[in-house]
Amino acid sequence: MPVSDVIVAGVGLHPWGKFPEKSWVEMGAEVAMGAVADAGMEWTDVEAMVSGAMQWGGSTGMRSGNTIAAALGETGVPIANINNACASGGSLMRAAYAMITSGMHDSVLVIGTDKSPKGYFPSVPVLADEPRPPVDMVRWQVGVPNPAYWALEMRKRMEAYGSTDEHLAQVKVKNSRHGSLNPYARYRKAFTLEQVMASPMVCDPLRLLEICATSDGAAAVVLVSDKKARRLGVSPLVKVAACSLASGEFGDPTIRIPLLAAASDGAATAPLLSESRLAAQMAYEQAGLGPEDMDFVELPDNSSWHELQYLETMGFCDPGEAEKLLDAGETALGGRLPVCPSGGFSSFGEATMAQGILQIVEVTWQLRGTAGARQVEGATKAITEVYGAQANNSACILTT
Amino acid sequence: MKQTPVLEGAFVSDPEPALVGSKCRSCDTVAFPASFTCPNPRCARKDVVSTPLSRTGRLASWTTVHFPPPPPFVAPDPFEPITVVEVEFASEGIQVVGPLAGASAEGLRMGMAMETVVEPYYSDDSGEVIGWKFRPAEGDAGE
Ligand SMILES: [Zn+2]
């Protein structure tokens with residue numbers, strides 16, 4: 001049994017976009033101090049840090065937590081730097097969550113800061129003396145960028161359920177409307193169906209506006225024990241009711257980025273996106289809540305395919321039913337289950353270290369009732385989930 | 001011209017073009033590319049041998065990539081969209097992605113028979129890089 005509840009005491013968010021004049025260190029330090037101040041704490045009160053190991057930042061980026069601590073003033077606290085691809089933010093949350101539920105620490109600062117290459121995420125260089133090229137090199141020679149993996153799944157979905165190009169576009173129309181209400185979002189234009197349908201095809205059936213961009217972004221949260229939260233006078237108490245982490249299962253038919261094969265659909269012994277289904281199930285179990293209890297969801301809308309698929313993977317509807325929820329307006333703000341009221345990665349873009357933490361910041365604001373024009377009225381429970389390359393996933397349930 | 005495989009041991013051209021994976025003699029799990037071990041977590045013996053995959057499979061999905069991927073992809077200039085296909089090899093219980101050969105995406109339909117071929121991916125000063133591709137099989141009626 002956990003020795004303490006976990007409370008979100010403070011959050012910090014940097015606007016997302018492209019910031020060539022600003023270092024990821026400055027962005028990370030800014031959100032870190034923002035979250036610490038929001039918690040009513042001092043920098044020197046932070047007991048431990050976890051930070052995203054940002055591959056695009058070279059060796060100091062891989063130790064981003066230490067780099068930021070050195071900038072803000074080293075205090076000797078334990079710092080862990082973690083990389084789990086786009087699931088890094090969730091993995092950081094999970095690590096911090098465990099430190100508090102175990103009673104190891106009363107406060108942990110969670111930081112994700114990231115500057116991304118433009119366009120497709122490229123491969124990361126590897127040692128030249130490996131006996132064989134890594135599969136991540138081979139898949140690029142074959143010519144399979146990340147969105148191609150998603151497009152392959154989407155075409156199967158169209159074949160199985162009759163999903164259309166309009167469904168894919170409507171996901172963007174909805175999320176862009178949400179994003180237009182968020183001052184931190186990179187893209188604040190509400191697109192029409194015609195505009196989305198007129199955007200260039202990238203990996204058919206996925207169009208440019210139906211795939212999230214690669215962004216610069218940063219987000220931080222301070223998690224504390226219930227004891228510390230009382231001492232700080234945190235109100236309202238936004239509780240992390242669950243924080244899971246799962247990896248893929250053998251027999252999953254999903255062809256994983258950057259792999260070249262998977263179990264065939266006919267021979268599959270695990271579900272599509274097995275890690276994501278598991279992470280959601282674990283979170284529901286841990287919180288003692290189900291999908292029907294959620295007031296809204298922040299899911300990984302890396303592409304329009306993801307939004308449709310994750311509604312099913314996270315247990316909100318049966319296979320092939322996600323398009324119906326979308327058509328009925330149930331997933332829009334004002335609907336029964338708003339999906340990505342923040343505007344999602346569709347409006348923010350991907351910053352792989354920070355995007356999972358961005359979701360926690362949004363849910364915290366929503367549960368505090370301070371989300372402004374995009375407020376989900378009366379929301380008290382929500383779930384977040386990310387999607388990480390090579391089968392990593394984490395889900396968090398927050399309640400108030 | 002010197003020919004270099006995109007991944008040593010992943011395919012053969014003789015006697016006929018085919019992908020080469022690994023197969024566990026204990027639990028029959030097939031992996032591609034070949035692995036040094038068996039990826040089945042419940043398999044304790046993990047006794048793998050090299051195995052050619054069936055020459056022909058069924059088209060499970062496809063997508064056309066309209067923007068050139070970054071290096072190490074070698075994009076012709078001007079770039080022509082490339083089609084990536086996913087082919088299911090039912091008897092091996094595996095699906096594999098590869099470039100489409102010998103057809104355009106317009107002619108594709110789900111479930112059609114696809115056969116493995118070995119063709120150049122690109123050439124540069126040091127010669128030609130060759131790899132596997134999939135093309136619609138002769139006389140396919142789609143089942
Ligand atoms: Zn085996």
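Positions within a chain are numbered from 1, following the residues in the order the chain's sequence is written. Labels are handed out in written order, letters beginning with A for the chains and numbers beginning with 1 for the ligands. Under the rules for a predicted model, residues below a pLDDT of 70 receive no local features and side-chain atom pairs below 80 are neither given nor counted, while totals for whole chains, interfaces and linings still include all residues.

Quick look at the overall build of chain B now. Helical segments are the DSSP runs of H or I of at least four residues, strand segments are the runs of E of at least two, and each set is numbered from the N terminus. The helix and strand tally for chain B stands at zero helices and ten strands. The globule rule used here is 2.2 Å times the number of residues to the 0.38 power, and the radius of gyration it is set against is calculated over C-alpha atoms. Its C-alpha radius of gyration of 16 Å places chain B within 12% of the 15 Å reference for a compact globule of 143 residues. Along the first, second and third principal axes, the C-alpha set of chain B runs to 50 × 40 × 30 Å. C-beta atoms are placed from the backbone for every residue, and two residues are taken to be in contact when these atoms lie within 7 Å. At a minimum sequence separation of 6, the contacts of chain B that also span at least 24 residues come to 55%.

Moving on, we get to the interface of chain A and chain B. Contacts between the two partners involve 33 residues from chain A and, on the opposite side, 37 residues from chain B. Elements with a contribution of two residues or more to the side of chain A that touches chain B: helix 5 (135-142), helix 6 (146-161), strand 5 (201-203) and strand 9 (261-263) of chain A. The element best represented in the side of chain A that touches chain B is helix 6 of chain A, accounting for six residues. Residues of the side of chain A that touches chain B, tallied by class, amount to 23 nonpolar, four polar and six charged. Judged from the three bridges that link them, strand 9 of chain A and strand 8 (residues 94-99) of chain B form a sheet pairing that is antiparallel. The residue bridging A:Ala262 from the neighbouring strand is B:Gln95, located in strand 8 of chain B. Three residue categories are used. Nonpolar comprises Ala, Val, Leu, Ile, Met, Phe, Trp, Tyr, Cys and Pro, charged comprises Asp, Glu, Lys and Arg, and polar comprises the others, including Gly. Only strands joined by at least two bridges in the DSSP assignment are considered to pair.

Looking now at the pairing of strand 9 (residues 113-124) of chain B. A regular strand places its side chains on the two faces of the sheet in alternate fashion. Residue and element names in this part refer to chain B. The pairing of strand 6 (residues 56-65) with strand 9 spans three bridges and is antiparallel. Note that in strand 9 the partner of threonine 56 across the bridge is glutamate 115. In terms of strand pairing, strand 9 meets strand 10 (residues 127-136) through ten bridges, oriented antiparallel. The residue bridging glutamate 119 from the neighbouring strand is glycine 131, located in strand 10. Linkage of strand 9 to strand 10, two consecutive antiparallel strands, is achieved through a turn of two residues.

Residue pairs three or four apart in sequence face the same way in an α-helix, which turns once every 3.6 residues. Residue and element names in this part refer to chain A. Considered for burial, the residues of helix 3 (residues 64-72) that qualify are Ser64, Gly65, Thr67, Ile68 and Ala69. Residues of helix 3 that are buried make contact with helix 1 (24-38), strand 2 (48-52), helix 2 (58-62), strand 3 (79-82) and strand 4 (107-114). Phi for glycine 73, located one or two positions after helix 3, is positive at around 115°. Counting other C-beta atoms within 10 Å of each residue's C-beta, where C-beta atoms are placed from the backbone, gives the exposure class: buried for 20 or more, exposed for 12 or fewer, partly exposed between.

It is worth spelling out the confidence of the model for chain B at this point. Values of pLDDT, the confidence the predictor places in each residue, fall between 0 and 100. In the predicted model, chain B carries a mean pLDDT of 94, and the fraction of residues at 70 or more is 97%. Taken over the whole predicted complex, pTM reads 0.96, whereas the ipTM for its chain interfaces reads 0.96.

What follows deals with the packing of helix 7 (residues 165-179) of chain A against helix 11 (residues 304-313) of chain A. Residue and element names in this part refer to chain A. Axis geometry follows a simple rule: fit a line to the C-alpha atoms, using only the stretch in contact for helices, then measure angles between N-to-C directions, giving values from 0 to 180 degrees. Their axes nearest at 8 Å, the elements helix 7 and helix 11 cross at an angle of 95°. It follows that helix 7 is roughly perpendicular to helix 11 by the angle criterion. Mapping the contact onto sequence places His167, Leu168, Val171 and Lys172 in helix 7 and Ser304, Glu307 and Leu308 in helix 11. In the contact of helix 7 with helix 11, the residues fall into three nonpolar, two polar and two charged. Convention used here: angles under 35 degrees read as roughly parallel, angles over 145 as roughly antiparallel, angles from 65 to 115 as roughly perpendicular, and any remaining angle as oblique.

Residues and elements named next belong to chain A. Among the nonpolar cores identified, the biggest contains 155 residues, and Leu109, Val110, Val221 and Leu223 are the most heavily contacted of them. Counting contributing residues, this core receives three or more from each of domain 1 (6-119 + 216-239) and domain 2 (135-212 + 240-399). Here leucine 109 is in contact with Ala32, Ala35, Val36, Val46, Met49, Ala220 and Val222, once residues within four sequence places are set aside. One nonpolar core equals one set of buried Ala, Val, Leu, Ile, Met, Phe, Trp, Tyr and Cys residues connected by C-beta atoms within 7 Å. These domain limits were set by an automatic method or by a database of domain assignments.

With that settled, the discussion passes to unusual backbone geometry. For the bond running from A:Asp204 to A:Pro205, omega is 10°, close enough to zero to count as cis. Tracing the backbone shows A:Pro205 in the loop between strand 5 and strand 6 (206-207). Positive phi is not limited to glycine here, since A:Ala85 has a value of about 55°. Relative to the helices and strands, A:Ala85 resides in the loop between strand 3 and helix 4 (88-101). The phi dihedral of B:Asp28 falls on the positive side, at around 70°, and the residue is not glycine. Exposure remark for B:Asp28: the 12 C-beta atoms within 10 Å place this residue in the exposed category.

The next thing to look at is the packing of helix 6 of chain A against helix 11 of chain A. All names here are of chain A. The interhelical angle for the contact between helix 6 and helix 11, taken along N-to-C directions, is 55°, at an axis separation of 9 Å. Comparing the axis directions of helix 6 and helix 11 gives the class oblique. Here helix 6 runs over helix 11; the crossing is left-handed. From helix 6, Trp150, Glu153, Met154 and Arg157 reach across to helix 11, where they touch Trp305, His306, Leu308 and Gln309. The handedness criterion is simple: a crossing whose near helix is rotated anticlockwise from the far helix by less than a right angle is left-handed, and one whose near helix is rotated clockwise is right-handed.

Below, the discussion takes up the domain arrangement of chain A. Residue and element names in this part refer to chain A. Considered domain by domain, chain A is made up of domain 1 (6-119 + 216-239) and domain 2 (135-212 + 240-399). Put simply, the middle of domain 1 and the middle of domain 2, counted by C-alpha atoms, are 23 Å apart. Every contact between the two is made by 36 residues of domain 1 and, on the other side, 36 residues of domain 2. Elements represented by at least two residues in the side of domain 1 that touches domain 2 include exactly strand 1 (6-13), helix 4, strand 4 and strand 7 (217-225). If you tally residues by element for the side of domain 1 that touches domain 2, the top one is helix 4, at eight residues. Partitioned by chemical class, the residues of the side of domain 1 that touches domain 2 number 21 nonpolar, eleven polar and four charged.

This paragraph deals with the pairing of strand 3 (residues 18-24) of chain B. All names here are of chain B. With six of its seven residues buried, strand 3 lies for the most part within the structure. Pairing of strand 2 (residues 11-12) with strand 3, which is carried by two bridges, proceeds in the antiparallel orientation. Bridging from a neighbouring strand, valine 12 pairs with alanine 18 of strand 3. The loop that links strand 2 with its antiparallel partner strand 3 comprises five residues. Of the strand pairs in this sheet, strand 3 and strand 5 (residues 48-52) are connected by five bridges, and their pairing is antiparallel. Note on strand 5: the bridge partner recorded for cysteine 24 is valine 48. The pairing of strand 3 with strand 4 (residues 30-31) spans two bridges and is antiparallel. Following the sheet pairing, serine 22 is matched in strand 4 by alanine 31. Where strand 3 folds back onto strand 4 in an antiparallel hairpin, the turn is made up of five residues, including aspartate 28, whose phi is positive at roughly 70°.

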